[in-house]
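Secondary and tertiary structure notes
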Amino acid sequence: MTEELKPNQITFDITDRCQMRCVTCSKWKTVAGDVLSKELTTQEWKKVLDGLHEWLGTDFWFCFSGGEPFLRPDIFEISEYAASLGINVASMTNGFSIEHYLEKIIDSPIKSLNISLNSIKDPKIHDTSRGREGSHQKIINAINRFNELRATTGKELGINLSTIVFPENLDELVPLAEFAKANYLGGIMFQIMDDKESFHGYNVQRACPTGTYKMPDELKKEYMNMANHACEVFDKLAEMKKEGYPIFNSYEQLEAIKMFLKNPDDILKSIDCRVGETNFAIDPYGDVRLCFNMAPVGNIRENSPKEIWENNLSKACRKATSKCKMYCRLLNCNFKGDFLNKKEEDKCPFRCFFKKLFKH
């Protein structure tokens, strides 16, 4: 009997609002006055958790994302409710306005906090990419304070870094991995820059035109210009991963990114997209997506999570994602770990390609 297909990557995009002005994203263009009354309420998010618990039990995690999740003060109440159901909680953050929440975060049920950080040696690189001066220092201060709190309280909050890779920060990637290890962080995940219109406020753009999407020529040129140096850096990161540095990217993803940068149109033919089988993302207004770029498959205000997952729109979306050839297949949502070191080899998005590659 075939095991029932269920998602294992659940995201609560709790708000589109954000205080940053990131050059790699366009969510910050969301106007608070336009969306506050449309966002799911605290009670509605609790109802979502009830539906997920009834369907999936307690053996799953969900991650708060956005926008900036901590712009919703009720994130702590929602986290407490999830914990009362036995559900594990993680959250993303840009780290800019959490200084007043550090003690509250360490005492909350949030078990994993993923902080966006794009440089360590040169603060200006991070601040420029995020569009807010002083944001780098705020993150460093927060990490230092979290380490103090972890030492004095014994709380086991996992702190991770998320880094967008672009031409200006290539020489920051190795030092960032070294920083993660030296500061006892859980790990660091690198992700190549994407088309900023792929990270849009859902109140403005509900989906990208995945069927007809064409990578901007300017972006393709930028990838290829950074390829040679980036490949050297990713080779070094792979060596560091073998040496025990806490780099979350799988070896396959690091290798795939190198191939992609050299020829953005080539390797994509060999990579399957599995997000339709693994992802379940709820946006601030209740719309559910299996792929962040594709159209919603239902709304949580109208149907339960299980009903949405099993409806015809979701089935059609799973087929569409498996055939989609957008280059976002290289992003972290489609890579779930170091598959070469696991028995479940068939989870690798392009296992056949890599089996052939590593024979030579």
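For the structure, check the block above.
This text gives an overview of the structure that appears in the document. What you see is a predicted model; the values in this text were computed from it and never measured.

**A closer look at the overall build of the protein**
Looking only at helices and strands, the protein has 13 helices and nine strands in total. Within the protein, the proportion of its 360 residues that are buried is 56%. Look at the contacts in the protein between residues 6 or more apart in sequence, and 74% of them connect residues 24 or more apart. Carbon and sulfur atoms provide 51% of the accessible area of the protein, an area that totals close to 16700 Å².

**Here's the deal with the side chain of Asn118**
Residue position: Asn118 is located in the loop between strand S4 (110–116) and helix H5 (123–130). The exposure class of Asn118 is buried, given its relative accessible area of 1%. A polar contact is formed between the side chain of Asn118 and the side chain of Ser129, at a distance of 3.0 Å.

**Overview of the pattern of salt bridges**
Evaluated as defined, the whole model comprises 14 salt bridges. A salt bridge links Lys27 to Asp16, with the nearest nitrogen and oxygen atoms 2.8 Å apart. Taken together, the residues Lys27 in the loop between strand S1 (9–13) and helix H1 (32–35) and Asp16 in the loop between S1 and H1 connect sequence positions eleven residues apart. By the burial criterion, Lys27 is buried, and Asp16 matches it. Between Arg17 and Glu39 there is a salt bridge; the shortest N-O distance is 3.1 Å. Here Arg17, found in the loop between S1 and H1, pairs with Glu39, found in the loop between H1 and helix H2 (42–56); they are 22 residues apart in sequence, far enough to count as distant. Neither residue differs from the other here; Arg17 and Glu39 are each classed as buried. Where salt bridges share partners, they join Arg17, Glu39, Arg72 and Asp74 into one cluster.

**Considering H2**
The terminal C-alpha atoms of H2 lie 21 Å apart, and with 15 residues this matches the ideal 21 Å at 1.5 Å per residue to within 8%. Within the sequence span of H2, burial applies to Thr42, Trp45, Lys46, Val48, Leu49, Gly51, Leu52, Trp55 and Leu56. Where the residues of H2 are buried, they touch S1, strand S2 (61–65), helix H3 (75–84), strand S7 (279–282) and helix H11 (305–310). Once H2 finishes, Gly57 follows within two positions and takes phi at roughly 75°, a positive value.

**Quick notes on the side chain of Asn249**
Here Asn249 shows up in the loop between helix H8 (217–242) and helix H9 (251–262). For Asn249, a relative accessible area of 0% puts it in the buried group. Only 2.7 Å separates the side chain of Asn249 from the backbone oxygen of Phe190, close enough to count as a polar contact.

**As for the sheet that holds strand S9 (residues 298–299)**
Overall, mixed pairing links the nine strands, which are arranged S6-S5-S4-S3-S2-S1-S7-S8-S9 in an open sheet. Taken across any chain shown, the strands that pair with only one partner, and hence form the sheet edges, are strand S6 (187–192) and S9. Note that S1 and S2 share four bridges and pair parallel. Following the sheet pairing, Phe12 is matched in S2 by Phe64. Most of the contacts of H3 go to S2, to which it runs at about 175°, and overall it touches S2, strand S3 (88–93) and S4.

**Some words on the packing of helix H7 (residues 173–182) against H8**
At a minimum axis separation of 9 Å, H7 and H8 run at an interaxial angle of 20°. One finds that H7 runs roughly parallel with respect to H8. Between H7 and H8 lies a crossing of right-handed hand. Facing H7, whose interface residues are Leu173, Val174, Ala177 and Glu178, H8 presents Val233, Lys236, Leu237 and Met240. Taken together, the residues of the contact of H7 with H8 sort by class into six nonpolar, no polar and two charged.

**Observations concerning the pairing of S4**
Walk down a regular strand and you will see the side chains alternate between the two sheet faces. Within S4, six of the seven residues are buried, which leaves the element mostly enclosed by the surrounding structure. Where S3 meets S4, five bridges bridge the pair, whose relative direction is parallel. Pairing of Thr93 across the sheet is with Ile115, part of S4. Taken together, S3, helix H4 (residues 102–107) and S4 constitute a β-α-β crossover, and its handedness is right-handed. Of the pairings in the sheet, the one linking S4 to strand S5 (residues 158–165) comprises five bridges and is parallel in character. Among the inter-strand pairings, Ser112 is bridged to a residue of S5, identified as Gly158.

**Considering the packing of H2 against H3**
Between H2 and H3, the least distance of the axes is 10 Å, while the angle of their chain directions is 25°. Accordingly, the angle class assigned to the pair H2 and H3 is roughly parallel. The way H2 lies across H3 gives a crossing that is right-handed. Between H2 and H3, the contacting residues are Thr42, Gln43, Trp45, Lys46, Leu49 and Asp50 on the first element and Glu77, Ile78, Tyr81 and Ala82 on the second. Of the residues that constitute the contact of H2 with H3, the class distribution is five nonpolar, two polar and three charged.

Analysis parameters
- Residues numbered from 1 in each chain as written.
- Predicted model: local features only at pLDDT ≥ 70, side-chain atom pairs only at ≥ 80, totals over all residues.
- Heavy atoms only, no water.
- Helix = DSSP H or I, 4+ residues; strand = E, 2+ residues; numbered from the N terminus.
- Buried < 20%, exposed > 50% of the residue type's maximum accessible area, 1.4 Å probe, protein only.
- Contact = heavy atoms within 4.5 Å.
- Areas by Shrake-Rupley, 256 points an atom, 1.4 Å probe, with all protein chains shown as cover.
- Polar contact = N/O pair within 3.5 Å; in protein donor to acceptor, adjacent residues only side chain to side chain.
- Salt bridge = Lys/Arg side-chain N within 4 Å of Asp/Glu carboxyl O.
- Expected span 1.5 Å × (residues − 1).
- Pairing = 2+ DSSP bridges.
- Axes fitted to C-alpha atoms, helices over the stretch in contact; angles between N-to-C directions.
- Parallel < 35°, antiparallel > 145°, perpendicular 65-115°, else oblique.
- Left-handed = near helix turned anticlockwise from the far one by under 90°.
- Nonpolar A, V, L, I, M, F, W, Y, C, P; charged D, E, K, R; others polar.
- Right-handed = clockwise from strand over helix to strand, strands pointing away.

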